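# Structural overview for review
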Amino acid sequence: MPDVIALYIHIPFCKRKCKYCSFISFDDRVNDIPAYIDALKQEFILRSVSATIETIYFGGGTPSLLSPQQLSDILAVIGRCFEIADDTEISIEANPGTVDLKYLADIKEAGINRLSLGIQSFNDAELSMLGRIHSSKEAGAAVRDARQAGFDNLNIDLIYGLPGQNIDDWNTSLHQALDFHPEHMALYALTLEAEEMLAKEIKAGKWPQIDADTVATQYELAEELLGKKGYRHYEISNWSRPGRECRHNLVYWQEGSYLGVGVAAHSYIEKRRSANTGDLDKYIKALSQNKLPPQEIDEIINPDLEIAESIILGLRLCCGINIDDFEKRFGIDIMKQYGKQIEELLNFGLIEKNQEYIRLTPQGRLLGNEVFWRFLPDKI
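Let us look at the structure shown here. (Residues numbered from 1 in each chain as written. Predicted model: local features only at pLDDT ≥ 70, side-chain atom pairs only at ≥ 80, totals over all residues. Heavy atoms only, no water.)

This brings us to the overall build of the protein. Within the protein one finds 15 helices and 15 strands. Computed over the C-alpha atoms, the radius of gyration of the protein is 21 Å, within 12% of the 21 Å expected from 2.2 N^0.38 for a compact globule of 380 residues. Here the C-alpha coordinates of the protein stretch approximately 55 × 50 × 40 Å along the principal axes. Here the protein holds 380 residues, and 53% of them are scored as buried. Of the roughly 17400 Å² of accessible surface on the protein, a fraction of 48% belongs to carbon and sulfur atoms. Averaging the locations of the 40 positively and 57 negatively charged side chains of the protein gives two centres separated by 2 Å. (Helix = DSSP H or I, 4+ residues; strand = E, 2+ residues; numbered from the N terminus. Rg over C-alpha atoms; globule rule 2.2 N^0.38 Å. Buried < 20%, exposed > 50% of the residue type's maximum accessible area, 1.4 Å probe, protein only. Areas by Shrake-Rupley, 256 points an atom, 1.4 Å probe, with all protein chains shown as cover. Lys, Arg positive; Asp, Glu negative; His and termini not counted. Charge placed at Lys NZ, Arg CZ, Asp CG, Glu CD.)

Shown next as structure tokens:
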């Protein structure tokens, strides 16, 4: 077990499932929250190790459906099972419409020090299309309440590339978010699986098809605007004030060790990837019997896949891959091993290279998947 790990806690409950959501979440099981928290506590005990936790992340679902006392109880159990660093980043995802000033002040008092608000849009028509439970007015109120509650490390999530969303619509949401001066912004292009409700509605003609050219222009607009406002673009979809990068997510992108607790939670420790069952009933039942939950994934990462993932994750970061560090870690000259792919991508203008690093170009960030698949083991 490594000395330092990041901890992810999945809270799979929602008031209503959004039309675009592909995460494991349940909008008809809120009555199971107490039993689920008991199961979480038991999983912490069973996975207790001698390791220091430097980041804790409550994700979902809608973690803000948990009461401040429930969150405090969970953090207390974590503190008994692991060593928690003094400067641990403790994040929670929260949805407007589920929080108010008292709630936010109470969770801040409980130890939460980073808040990620899933606003997604400041346009009421877009929020309705996405199936969100809040209005733009409630979104603004949530940000103001967060500031009043003392949160000085705030992320705002927005989604672009929505059906029918034009450049002006996106520009307006961006400016409204920036008016709150968040420390961090995560901007995601809408991606849909065929079985999701919004995808079905688009197919049925209720909404227009997503226009790829508009999506690209929206991304470029965000890059330009956030750059002018002093934000550092540090990962394909993430911008922050200097020093306010999401430390937890950097663990993923920099291939650190992380432990996932809860239904469907993923872990990566000592080159082993695993994932708990996505079945809520099986999860609760196993822990009630003092057993670890069934695993849906349990695999050892072989050297070829480890190298490929290191390249893909490294390229997600705007600083790119340090060539010397890569060679020291793997004993491989990246140009000899991947020269064909790199030359091809250089010619396409999707990456750039000098003596120190290889990184995506602005065009490459738009077309990341066109870059990444070339480094998968079966493509070598």
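A rise of 1.5 Å per residue sets the reference length of helix α5 (residues 136-148), with its 13 residues, at 18 Å; its end C-alpha atoms lie 19 Å apart and thus fit the reference within 8%. Looking only at α5, the buried set comprises Ser136, Ala139, Gly140, Ala142, Val143, Asp145 and Ala146. As for α5, its buried residues are in contact with α3 (101-110), β4 (114-120), α4 (124-130) and β5 (154-160). Looking one or two places after α5, you find Gly150, whose phi comes out positive at around 105°. (Expected span 1.5 Å × (residues − 1). Contact = heavy atoms within 4.5 Å.)

For the structure on display, the rule yields twelve aromatic pairs. The interplanar angle of 40° and the centroid separation of 6.2 Å between the aromatic rings of Tyr160 and Tyr219 together place this pair among those described as tilted. In this pair, Tyr160 is assigned in strand β5 and Tyr219 in helix α8 (residues 212-228), connecting sequence segments 59 residues apart. Owing to a relative accessible area of 3%, Tyr219 belongs among the buried residues under this scheme. Their ring planes at 80° and their centres at 4.6 Å tell us that Tyr252 and Tyr258 sit as a pair that is edge-to-face. Through a chain of ring-to-ring contacts, the aromatic side chains of Tyr160, Trp170, Tyr219 and Trp239 assemble into a single cluster. The lysine or arginine in question, Arg241, covers the ring of Tyr231, its NZ or CZ lying 4.1 Å from the ring centre. (Phe/Tyr/Trp six-rings, centres within 6.5 Å; stacked < 30°, edge-to-face > 60°. Lys NZ or Arg CZ within 6 Å of the ring centre and 35° of its normal.)

Interpretation in functional terms is not warranted from these geometric data alone.
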